[in-house]
Amino acid sequence: MAVELDGIVRMRGETGHGVSVRVLAENRRLRLVAGNELVGDWQVGEIGISALQDGFSIKAEGEELVLRTEDDVALAGEIGISAASPRLARLLAARHNPEEAPPVEEEPYPISSNLAAIGFALAGAMIVLGGVILDQTAAPPRPLSGDATGSPFDFWIAFVVGGILMIGTAYVMSIGTRFARIIALVILLGMIVVFGFAVAETDAEASQLAAYGFIAGGLVVGVAVLSSGSLKQSD
């Protein structure tokens, strides 16, 4: 039984929409017609044709074309393609043996990864932990340089608050909110500045090394996440 379908054909490796064609298949013969122009007319056994995950690869006359149709299953059945993709093989089995074939599961769409959000949350948690340890081990805080009469500045509070903000930003990233990368970058830069002041203004003791180690590790993880480019899906 002849099959007549609408399809799109393009050269392998080319980008763009391709050329709209009318696909005619009968008795293992395949014809592609674009308007009034014949694109190809081949005996299936004389060319190389195989099923892709989506469509078909046709190697003929020294060129390779990619053909996509409105009903790949019908075309594959008509021209007798045996080297089908797993998806096409399941669809063919379901059509030929509807009672015996297992239900065909739709292939899931790619899901954007949340690894960046998880990494940024981990960075924030490390900074919070470092701030808590710093509070437990630091000597009484002293004023910032040039502010001997002002109130002492507790750097651990800044680290805890900043780390919590980073964890909150990680949640914003995970739900794909726009500008999440910019928010994360601003918070991380603020934490780096605070860390610089803390190191410069604090006489770190051996007991505080673990606190600063966690904070520095969180900053490194945060920078690595932002510089990896994996947050672009959240913008």
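Calculation notes
Note on numbering: residues in each chain are counted from 1, in written sequence order. This being a predicted model, a pLDDT of at least 70 is required before a residue's local features are given, and a value of 80 or more before pairs of side-chain atoms are given or counted; all residues contribute to the totals for chains, interfaces and linings. Note: side-chain values were computed over all heavy atoms of the structure, leaving out hydrogens and water. To get an axis, a line is fitted to the C-alpha atoms, and for a helix only the part in contact is used. The angle between two axes follows their N-to-C directions and goes from 0 to 180 degrees. Secondary structure is summarised from DSSP: a helix means a run of H or I of at least four residues, a strand means a run of E of at least two, and numbering begins at the N terminus for each. Angle categories are assigned with fixed cut-offs, so that under 35 degrees is roughly parallel, over 145 is roughly antiparallel, 65 to 115 is roughly perpendicular, and the rest are oblique. The sense of a crossing depends on the near helix, which, turned anticlockwise from the far helix by less than a right angle, makes the crossing left-handed and, turned clockwise, makes it right-handed. We call Asp, Glu, Lys and Arg charged. Ala, Val, Leu, Ile, Met, Phe, Trp, Tyr, Cys and Pro are nonpolar, and the rest, Gly among them, are polar. To pair, rings of Phe, Tyr and Trp, with the six-membered ring standing in for Trp, must have centres within 6.5 Å; the planes then decide the type, stacked if under 30 degrees apart, edge-to-face if over 60, and tilted in the middle. Categorising residues by exposure relies on relative accessible area from a 1.4 Å probe, with only protein chains included: less than 20% of the type maximum marks a residue as buried, more than 50% marks it as exposed, and the intermediate range marks it as partly exposed. Whether two residues are in contact is decided by their heavy atoms: any pair within 4.5 Å suffices.

This paragraph deals with the packing of helix H3 (residues 115–137) against helix H4 (residues 155–174). In contact at an axis separation of 8 Å, H3 and H4 are set at 165° when each is read in the N-to-C sense. Between H3 and H4, the crossing angle belongs to the class labelled roughly antiparallel. Between H3 and H4 lies a crossing whose hand is left-handed. Partitioned by chemical class, the residues of the contact of H3 with H4 number 19 nonpolar, 5 polar and 1 charged.

Here we come to the packing of aromatic side chains. The full count for this structure, using the stated rule, is 1 aromatic pair. Judged by centre distance (6.1 Å) and plane angle (65°), the rings of Phe195 and Tyr212 are edge-to-face. Residue Phe195 is found in helix H5 (residues 180–201), and its partner Tyr212 is found in helix H6 (residues 209–227); the two are separated by 17 residues along the sequence. The residues Phe195 and Tyr212 share a single accessibility class, namely buried.

The subject of this paragraph is the packing of H4 against H5. At a minimum axis separation of 10 Å, H4 and H5 run at an interaxial angle of 165°. One element, H4, and the other, H5, form an angle in the roughly antiparallel class. The handedness of the crossing between H4 and H5 is left-handed. Contacts from Phe155, Ala158, Phe159, Gly162, Gly163, Leu165, Met166, Thr169, Val172 and Met173 in H4 reach Ala180, Ile183, Ala184, Ile187, Leu188, Met191, Val194, Phe195, Phe197, Ala198 and Glu201 in H5. In the contact of H4 with H5, the residues fall into 17 nonpolar, 3 polar and 1 charged.

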